[in-house]
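Structural overview for review
As a plain string of letters, each chain reads:
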Amino acid sequence: MSEVKISAETRTEFGKGAARRIRRDSKVPGVLYGHGSDPLHLTLPGHDLLLALRTPNVLISLDIDGKANELAIPKAVQRDPLKGFLEHVDLLLVKRGEKVTVEIPVHTEGELAAGGNLLEHVLNALPVETEATHIPESVTVSIEGLEAGASVLAKDIPLPKGTTLAVEEDTVVLQVLASQAEEAPEGEAAEGEEAAEA
């Protein structure tokens, strides 16, 4: 996993007015916390941060005030619900070699068995424990030929070396549902007949 370098500044102003001023300058207020240290309030460049956050669980190398270098992963990101711009970010301080619990996206490959079956993602992301500097971007599982009623459990998903599950092994991640389309017209006809008899 690649590191993204971002320059950050410590901030001393707090509150909504200060946050608005920061965002007006195309920057994002954030907090860095972890390892029992006091939370550090930061101002981060908005565009650089937005690009970095396109990668799930991105590892960010923070250059703070040109003095301190820290590694962090995003823990919580707040976006404007209408315009989508970043409002605030919480960053978790990590050390090389340290294990962290994160959720990684689950991708599928292959085709379900014929018959119009539907694939339901019970979990869109799989909770795993992995080294902070080697977080996998995603995991891929084959759904080739799966029939209605089949499930893919957490233990069935191949994980990269050094990554372990942070959920029960028999947690359902994906399941194949039978298509409901053919049954609906029959049900409607039956209701229509009952209405006519009444």
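I will try to describe carefully the structure that is included in this document. (Residues numbered from 1 in each chain as written. Predicted model: local features only at pLDDT ≥ 70, side-chain atom pairs only at ≥ 80, totals over all residues. Heavy atoms only, no water.)

1. Examining the overall build of the protein
This is how it is decided: Secondary structure elements are taken from DSSP: a helix is a run of H or I of four residues or more, a strand is a run of E of two residues or more, and numbering for both begins at the N terminus. Only protein chains enter the accessibility calculation, which uses a 1.4 Å probe; a residue whose area is less than 20% of its type maximum is buried, one above 50% is exposed, and one in between is partly exposed. The contact criterion used is simple: two residues touch if any of their non-hydrogen atoms lie within 4.5 Å. Each accessible area value is a Shrake-Rupley result obtained with a 1.4 Å probe; residue values ignore everything except the protein chains displayed when judging cover.
A tally of regular secondary structure across the protein gives 3 helices and 13 strands. Out of the 198 residues in the protein, the part that is buried amounts to 33%. In the protein, once contacts between residues fewer than 6 apart in sequence are set aside, the share between residues at least 24 apart is 63%. Carbon together with sulfur atoms contributes 48% to the accessible area of the protein, which is approximately 11800 Å² in total.

2. Side note on the pairing of strand β4 (residues 59-64)
The condition is simple: When DSSP finds two or more bridges between two strands, those strands count as paired.
In terms of residue burial, β4 counts as a mostly covered element, since 5 of its 6 residues are buried. Inspection of the sheet shows strand β1 (residues 3-10) paired to β4 by 6 bridges, in the parallel sense. Paired with V4 across the strands is I60, a residue of β4. Relative to strand β5 (residues 68-79), β4 runs antiparallel, the two sharing 5 bridges. Its bridge partner lying in β5, I60 is registered against A72. Between β4 and the antiparallel strand that follows it, β5, lie 3 residues; D65 among them carries a positive phi value of about 55 degrees.

3. Some details on the sheet that holds strand β12 (residues 164-165)
Strand-to-strand pairing in sheets goes through backbone hydrogen bonds, with the strands running parallel or antiparallel. Strand order in the open sheet made by the 4 strands is β10-β7-β9-β12, with mixed pairing throughout. The open sheet has two free edges, formed respectively by β10 (139-142) and β12, since each of these has just one partner strand. Pairing analysis gives 7 bridges linking strand β7 (residues 99-109) to strand β9 (residues 125-131), with the strands arranged antiparallel. The partner of E103 across the bridge, within β9, is P127.

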